[in-house]
Amino acid sequence: MSSRPVSLASVAPAVFLPTLIFETGMGALAPMIALSGREVGASIGAAGLVLALLGVGQILGDVPAGALAARLGDRKAMLIAAGIAVVTLLGCAMARTLWQLALAVTATGATNAVFTLARQSYLTEIIPTGLRARALSTLGGMSRVGAFIGPFMGAVVVHGRSVRDVYWLALACTVTAGLVVLFVADVATPATARERRSAPVSVRSVVVRHRRVFLSLGVAVLLVGSVRATRQAVLPLWAEHLGLNPSATSVVFGIAGLVDTLTFYPSGKVMDRAGRLWIAVPSMLVLGLTQAAVPLTHGLLSLTVVAMLMGFGNGIGSGILMTLGADVAPPETRSQFLGVWRLCADSGSAGGPLVVSAAAGLGSLAAGITTMGVMGVVAAAALLRWVPRYSPFATTGTRSRETVAAKVSARQGANATSDEELRT
């Protein structure tokens, strides 16, 4: 392993590149899964359920992903995830019945959980704390870029062909990402990681030991995940309510996605220099208020402006949940802790759009959207309340207090050692 100083550039080949490739394949899948469900004879409702199973699989895979990474190491966990993903994507491409497709899609979501958590855990392990937010924001940014360009690549692949061909594109991306992980060496392998793998700790014990964190900051994370995921349902549903055609809706969604992908690095820089709250709270306030403003739009122009603001709010929050997880995760059980942490976020991501969909089914789409907008403000308040308690990097003030406390602790330890030496 290389001993050169760890920087964003040095980790790019082993961390950011495979993540970008892998997420591009996953991004290509997302718009086509429901359509492939229709190809095997599913109803519209059942096809939409198959798409939701991708997120269900990720939720089911979060906790096992943490345990797997802790036992085998991040790199091996990624290789195993890529190998299993090849099998599950083959299953998606060759499925002939709805249940076969549903099972393969769910398993694919679980492999995504392993791949993502392993890189997050590794970055948290080796990156200097002064670069942590920028590193994890960039990791989150790679996922956003992949989700942005993936559908365009998928559209080219399936043009004039079966929608199932998108699974072959995703498979090729997965194989390529796996080969990058296999042949591009990590920058460092800390000794602490080997120690943890030699004495694994159960996920249950981690949850019990850190239950106060999960019941406070973890709930805030769940709210953040729900608000961020809801925007993906809000825009197309309200565009349809306004009578916009699908192509116009796609343009609005694409413009919002572009704004989203352009803001991840500056937000990481602010978090590293000024503290996490300077991004976490504004991100949720912007997302919440702009979602609440969606029912006030009455045409393409006003919806596009609001969508761009939503993209900005979501974009500046890139990597915030991963960064907070890295701040509060205990080093000795980091992977297991992050698995539960991601479960909180992904559960929120699954639940938020259900609120809007349920409200739409009851005949009040605007009420559902406004409710989730208010939830964004609640999430901002929860972050403001709990982040300073658990993260030493919440603001420059908490960082200074943590530094002073560390120096005092080190001085006391040194004094205790000196006293012991004098007595002996």
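Refer to the structure presented above.
Read on for a plain summary of the structure. Everything numeric here is computed off the predicted structure, so don't read it as measured data. (Residues numbered from 1 in each chain as written. Predicted model: local features only at pLDDT ≥ 70, side-chain atom pairs only at ≥ 80, totals over all residues. Heavy atoms only, no water.)

### Details of the overall build of the protein
Tallying secondary structure elements over the protein gives 17 helices and zero strands in all. Relative to its 424 residues, the protein shows a buried fraction of 52%. In the protein, of all internal contacts separated by at least 6 residues, the share reaching a separation of at least 24 is 84%. For the protein, the exposed surface amounts to about 18200 Å²; the carbon and sulfur share of it is 69%. (Helix = DSSP H or I, 4+ residues; strand = E, 2+ residues; numbered from the N terminus. Buried < 20%, exposed > 50% of the residue type's maximum accessible area, 1.4 Å probe, protein only. Contact = heavy atoms within 4.5 Å. Areas by Shrake-Rupley, 256 points an atom, 1.4 Å probe, with all protein chains shown as cover.)

### Considering the pattern of salt bridges
Taken as a whole and assessed by the stated rule, the structure comprises nine salt bridges. When the shortest N-O distance is used, the salt bridge between Glu-125 and Arg-334 registers 3.2 Å. Of this pair, Glu-125 sits in helix α4 (residues 98-126) while Arg-334 sits in helix α15 (residues 334-361), and the two are 209 residues apart along the sequence. Overall, the relative accessible area of 15% leaves Glu-125 in the buried class. (Salt bridge = Lys/Arg side-chain N within 4 Å of Asp/Glu carboxyl O.)

### A look at the side chain of Thr-116
Mapped onto the secondary structure, Thr-116 falls in helix α4. Under the relative-accessibility criterion, Thr-116 is labelled buried at 15%. Beyond its immediate stretch of four places on either side in the chain, Thr-116 contacts Glu-23 and Arg-342.

### Observations regarding the packing of helix α5 (residues 132-158) against helix α6 (residues 165-183)
Contact geometry for α5 and α6: axes closest at 9 Å, N-to-C directions at 130°. Viewed along their axes, α5 and α6 adopt a mutual orientation that is oblique. In terms of crossing hand, the pair formed by α5 and α6 is right-handed. Contacts from Met-153, Gly-154, Val-157 and Val-158 in α5 reach Asp-165, Val-166 and Leu-169 in α6. Its residues assigned to classes, the contact of α5 with α6 comprises five nonpolar, one polar and one charged. (Axes fitted to C-alpha atoms, helices over the stretch in contact; angles between N-to-C directions. Parallel < 35°, antiparallel > 145°, perpendicular 65-115°, else oblique. Left-handed = near helix turned anticlockwise from the far one by under 90°. Nonpolar A, V, L, I, M, F, W, Y, C, P; charged D, E, K, R; others polar.)

### Observations regarding a positive patch on the surface
Taken together, Arg-211, Arg-212, Arg-385 and Arg-389 make up a surface patch of like positive charges. Among the structural elements, Arg-211 can be located in helix α9 (residues 211-241). (Patch = residues over 30% accessible without salt bridge, like charges linked within 9 Å, V, L, I, M, F, W, Y side chains within 5 Å. Lys, Arg positive; Asp, Glu negative; His and termini not counted. Charge placed at Lys NZ, Arg CZ, Asp CG, Glu CD.)

### Observations regarding helix α11 (residues 264-274)
Listed as buried for α11 are Phe-264, Ser-267, Gly-268, Met-271 and Asp-272. Looking down the long axis of α11, one finds its buried residues gathered within 135° of arc, a one-sided arrangement. Just downstream of α11 lies Gly-275, where phi reads positive at about 120°. (Arc of directions from axis to C-beta.)

### Description of the environment of Asp-272
On the secondary structure map, Asp-272 appears in helix α11. Given a relative accessible area of 5%, Asp-272 falls into the buried group.

### Here's the deal with the nonpolar core
Tyr-167, Phe-337 and Trp-341 are the most contacted members of the largest nonpolar core, which has 91 residues in total. Broken down by element, this core gets its largest block of residues, twelve residues, from α9. Leave out the neighbours within four places in its chain, and Phe-337 touches Val-206, His-210, Val-213, Phe-214, Gly-325, Val-328, Ala-329 and Pro-330. Ile-127, Leu-131, Ala-135 and Leu-139 belong to the second-largest nonpolar core, a separate cluster that totals 19 residues. (Core = buried A, V, L, I, M, F, W, Y, C linked by side-chain atoms within 4.5 Å.)

### Remarks on a nonpolar patch on the surface
Taken together, the side chains of Val-175, Leu-179, Leu-182 and Phe-183 present a nonpolar region at the surface, about 390 Å² in accessible area. For Leu-182, the location among the structural elements is in helix α6. Leu-182 gets classed as partly exposed once you look at its relative accessible area, which sits at 44%.

### Digging into the packing of aromatic side chains
Within the structure shown, the criterion is met by five aromatic pairs. Taking the centre distance of 5.6 Å and the plane angle of 65° together, the rings of Phe-148 and Phe-152 count as edge-to-face. One end of the pair is Phe-148 and the other is Phe-152, both in helix α5 and four residues apart, which spans about a single turn. What makes Phe-152 exposed here is its relative accessible area of 52%. Among the aromatic side chains, those forming a connected cluster through ring pairs are Phe-214, Phe-337 and Trp-341. Between Arg-385 and the ring centre of Trp-386, over which it is positioned, the NZ or CZ distance is 4.4 Å. (Phe/Tyr/Trp six-rings, centres within 6.5 Å; stacked < 30°, edge-to-face > 60°. Lys NZ or Arg CZ within 6 Å of the ring centre and 35° of its normal.)

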